[in-house]
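Overview (structure and organization)
Each chain, letter by letter, is given below.
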Amino acid sequence: MPLRIAVCVKYVPDATGGRHFADDSTVDREDVDGLLSELDEYAVEQALQIADESDDAEITVLTVGPEDAKEALRKALSMGADRAVHVEDDDLHGTDALGTSLVLAKALEHIGYDLVVCGMASTDGAMGVLPALLAERLDVPQATLLSEVSVADGQVTGRRDSDAASERLQASLPAVVSVTDQSGEARYPSFKGIMAAKKKPVESLDLSDLGIDSDEVGLKGAWTAVEAVAERQARTAGTIVNDEGDGGKQLAEFLAAQKYI
Amino acid sequence: MTDILVYVDHVDGAVRKPTLELLTLARRLGEPVAVYLGAGAQAAARILGDNGAVKVLAHDAPEYTDYLVAPKVDALQAACAAVSPAAVLLPSSAEAKEIAARLALRVGAGLVTDAVDVEAGPEGPVTTQSAFAAAFTTRSRVTRDIAVITVKPNSAPVEAAPAAGTIEELAVVFSDQATGTRITSRTRRESTGRPELTEAETVVAGGRGVNGAENFRIIEALADSLGAAVGASRAAVDSGWYPHAHQIGQTGKSVSPQLYVAAGISGAIQHRAGMQTSKTIVAINKDAEAPIFDLADYGVVGDLFEVVPRLTEEIRARKA
Ligand SMILES: Cc1cc2nc3c(=O)[nH]c(=O)nc-3n(C[C@H](O)[C@H](O)[C@H](O)COP(=O)(O)OP(=O)(O)OC[C@H]3O[C@@H](n4cnc5c(N)ncnc54)[C@H](O)[C@@H]3O)c2cc1C
Ligand SMILES: Cc1cc2nc3c(=O)[nH]c(=O)nc-3n(C[C@H](O)[C@H](O)[C@H](O)COP(=O)(O)OP(=O)(O)OC[C@H]3O[C@@H](n4cnc5c(N)ncnc54)[C@H](O)[C@@H]3O)c2cc1C
């Protein structure tokens, strides 16, 4: 049987565009351009490399998101993934992290997997918790925040760097891993890849396909409620000086006036 | 009074500052009960008590060092069963966020990560978070009886508040998941002798403009004159000029110091995500159009190789 690799990818608002919230305090995903979360490109890349190293592997990319999220799947398919699964349902609007993990976990069980690969964090919510939540829900080991990863003989191994130490991890498959942006540059889709992606299958699922009650997700099912959203006050324009030889000295005077020295 | 659990982050028994900040926040919500996992609880209990912990639930087992995350989730779950807290506070480190998430699922708690403030509200804790590279501030509440909240460093002052800090042994039964991910080796990071980046009051950071590993000495010298931690942009880190552990930004550390000095850093959105909440921002950049100047309280348009050494000299002279 092939090694079944599932990659979770998120469709997010473009960080260089005007990201903002909608009236109901959820992220506005309608009026902004979206893209495949850049950090998930690293996940797709590592999945492709693991697949290359194995005799037989199949990569499914999975996303939970609105209609447009198909674009994220297309990008991943054009990088080289084999097929895609899109979970899409109006009742998903406003789902929190715990709810998202429920949907992803059910979808992963539906797809079947030996290895789940995630990015280290989305570039919008940026919580960095989804992979751990998936491991908890699926009852499999988590080997997360890896800057180096490999799979052999039913084991996943990798390196995890933290503040205090650099650690080597080992877990048996099935497992959930997440990879950091230190794991290796993601490849660009080739023209051939882009053409091939058009023919690859994209399966759409809704909540009923996954046996999830709509009360468990969406704003209704969320266990956190955003009560207020405010745009951060623009910083008042600071003092900008040109260095005419005494820029360092002037800066020191500013720091002294602010009691930093 | 309601109990508030505080997860103790420590390195071999040395309690890290963000944990003491959590104790300050916990006192706003109820009575802080600290959870200490690993060896060294006796020594840690003193400092935890001095900062308001009425009780320290302690447990030591090899699982905490030999396996990733899951054993600590088991322990916190046991602590929740022991005291029925209204909230569990953890620091916003990568590991603690993962522990928080899994714990929230197990105990049926709402989850908030990266809070920058926590206050008591009529319906439970109200948290403040910043979103989209700190362009927005949100206030959230958990709709469940229990909240699991991770808090960024430098979000609250450390305040002495003597309390008993009595150690109680926590009974922990490890789940099957506990031994799922083995840590097969660990290489400790050597201390630089400088303050910890995320906890530092002052951070001096260098970017692509520093133009070489050896030139980072200029940045280090400025940092040392200010008693600051050293940070770097991803461009500098990717060029191999400074270790990744010092990267500031979306995929690096998030810092919130009193003073942030950026030298030779343009101020890309991903960099801003990690430093925009700094109190005072100072920029040195030879390009007057660099976006970092939009954030700066004080900016010098100039060559960092001129400005930074002069500034360091000036600071040393003033301090002497
Ligand atoms: C500004 C902001 C603040 C938020 N605050 C909270 C909060 O405090 N509590 C809370 O419960 N929820 C919160 N949410 C909602 C939460 O971010 C989403 O529910 C999200 O789907 C899960 O978290 P994340 O995007 O942060 O994922 P992360 O945990 O950062 O993502 C890690 C990885 O998980 C995978 N992944 C994540 N989402 C998906 C997806 N939809 N489809 C496929 N793969 C995915 C990707 O591989 C990704 O790289 C917040 C959202 C935003 C935008
Ligand atoms: C998914 C993703 C995640 C990322 N995460 C991060 C992150 O965590 N942290 C991060 O920093 N970046 C991150 N980036 C990269 C980010 O987009 C920028 O590329 C990066 O921050 C640029 O670093 P820089 O400012 O040092 O370099 P540049 O943008 O090249 O700027 C260098 C600056 O130095 C100035 N300069 C040059 N010489 C001198 C001199 N002699 N004196 C004074 N000034 C001089 C120039 O005018 C210029 O403004 C991420 C990108 C992506 C896509």
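Note that the structure is a prediction, hence the values are computed from the model and not measured.

What counts, and where the lines are drawn
Residues numbered from 1 in each chain as written. Chains lettered and ligands numbered in written order. Predicted model: local features only at pLDDT ≥ 70, side-chain atom pairs only at ≥ 80, totals over all residues. Heavy atoms only, no water. Contact = heavy atoms within 4.5 Å. Buried area = accessible area lost by both parts, 1.4 Å probe. Salt bridge = Lys/Arg side-chain N within 4 Å of Asp/Glu carboxyl O. Polar contact = N/O pair within 3.5 Å; in protein donor to acceptor, adjacent residues only side chain to side chain. Helix = DSSP H or I, 4+ residues; strand = E, 2+ residues; numbered from the N terminus. Nonpolar A, V, L, I, M, F, W, Y, C, P; charged D, E, K, R; others polar. Pairing = 2+ DSSP bridges. 1 Å grid on protein atoms, 1.4 Å probe; cavity = no way out; pocket = protein on both sides within 12 Å on 5 of 7 lines; lining within 4 Å. Points joined across faces, edges and corners; volume = space filled by probe spheres on them. Near = heavy atom within 4 Å. Areas by Shrake-Rupley, 256 points an atom, 1.4 Å probe, with all protein chains shown as cover. Sits in = over half its atoms within 2 Å of the grid points. Buried < 20%, exposed > 50% of the residue type's maximum accessible area, 1.4 Å probe, protein only.

1. A few points about the interface of chain B and chain A
- Taken together, the 85 residues of chain B in the interface contact 74 residues of chain A.
- For the pair chain B and chain A, the summed buried area comes to about 7000 Å², and 55% of that belongs to carbon and sulfur atoms.
- Linking chain B to chain A there are 8 salt bridges.
- Across the pair Asp-181 of chain A and Arg-234 of chain B runs a salt bridge, and its minimum N-O distance is 3.0 Å.
- Across the chain B-chain A interface, the total number found is 40 residue pairs in polar contact (both at pLDDT 80 or more).
- Broken down by element, the side of chain B that touches chain A gets its largest block of residues, 9 residues, from helix H5 (residues 94–107) of chain B.
- Of the residues that constitute the side of chain B that touches chain A, the class distribution is 33 nonpolar, 26 polar and 26 charged.
- Note that strand S12 (residues 224–231) of chain A and strand S9 (residues 136–142) of chain B share 7 bridges and pair antiparallel. Looking at S9 of chain B, one finds that Thr-224 of chain A is bridged to Val-142 of chain B.

2. Considering empty space enclosed by the protein
Residue and element names in this part refer to chain A.
- The full count for this structure, using the stated rule, is 1 cavity of 30 Å³ or more.
- For the largest cavity, the calculated volume is near 40 Å³.
- Lining the largest cavity are Tyr-11, Val-12, Pro-13, Arg-29, Val-32, Asp-33 and Gly-34.
- Broken down by element, the residue count for the lining of the largest cavity peaks at 3 residues, all from strand S2 (residues 11–13).
- When the residues that make up the lining of the largest cavity are grouped by side-chain class, the tally is 4 nonpolar, 1 polar and 2 charged.

3. Structural notes on the site of ligand 1
- Every one of the 31 residues lining ligand 1 counts as a neighbour, but Cys-8, Lys-10, Asp-40 and Ser-122 of chain A together with Leu-111 of chain B are closest to it.
- More than a single chain frames ligand 1: its nearby residues are located in chains A and B.
- One of the backbone N or O atoms of Gly-128 of chain A is found 2.8 Å from an oxygen atom in ligand 1.
- Backbone polar atom of Leu-130 of chain A to an oxygen atom of ligand 1: 2.8 Å apart, as the coordinates give it.
- Look at ligand 1: alone it shows 930 Å² of surface, and the protein chains cover 92% of it.
- Of all the secondary structure elements, the ones that give two or more residues to the shell around ligand 1 are strand S4 (57–64), helix H3 (97–111), strand S6 (115–119) and helix H4 (130–138) of chain A together with strand S7 (110–121) and strand S8 (124–131) of chain B.
- Classifying every residue of the shell around ligand 1 gives 17 nonpolar, 10 polar and 4 charged.

4. What to know about the site of ligand 2
- By nearness alone, 27 residues border ligand 2, and Arg-208, Ser-233, Ile-248, Ser-266 and Gln-270 of chain B come closest of all.
- Chains contributing residues to the immediate surroundings of ligand 2 are chains A and B.
- Thr-251 of chain B places a main-chain nitrogen or oxygen 2.9 Å from an oxygen atom of ligand 2.
- Between ligand 2 and Gly-264 of chain B, the relevant distance is 3.0 Å, taken from an oxygen atom to a main-chain nitrogen or oxygen of the residue.
- Protein chains bury 83% of the 990 Å² of accessible surface belonging to ligand 2 in isolation.
- Taken atom by atom, the bulk of ligand 2 overlaps the second largest pocket.
- Only helix H1 (38–53) of chain A together with helix H7 (234–238), helix H8 (269–272) and helix H10 (304–319) of chain B provide two or more residues apiece to the shell around ligand 2.
- Of the residues that constitute the shell around ligand 2, the class distribution is 7 nonpolar, 14 polar and 6 charged.

5. Overview of the pairing of S6 of chain A
All names here are of chain A.
- For S6, the buried fraction is high: 5 of the 5 residues fall into the buried class.
- Here S6 shows a buried face lined by Leu-115, Val-117 and Gly-119 and a second buried face lined by Val-116 and Cys-118.
- Here strand S1 (residues 3–8) pairs with S6 via 3 bridges, running parallel. Of the residues in S6, the one forming a bridge with Ile-5 is Leu-115.
- Inspection of the sheet shows S6 paired to strand S10 (residues 175–179) by 5 bridges, in the parallel sense. Residue pairing for S10: Cys-118 is matched across the bridge by Ser-178.

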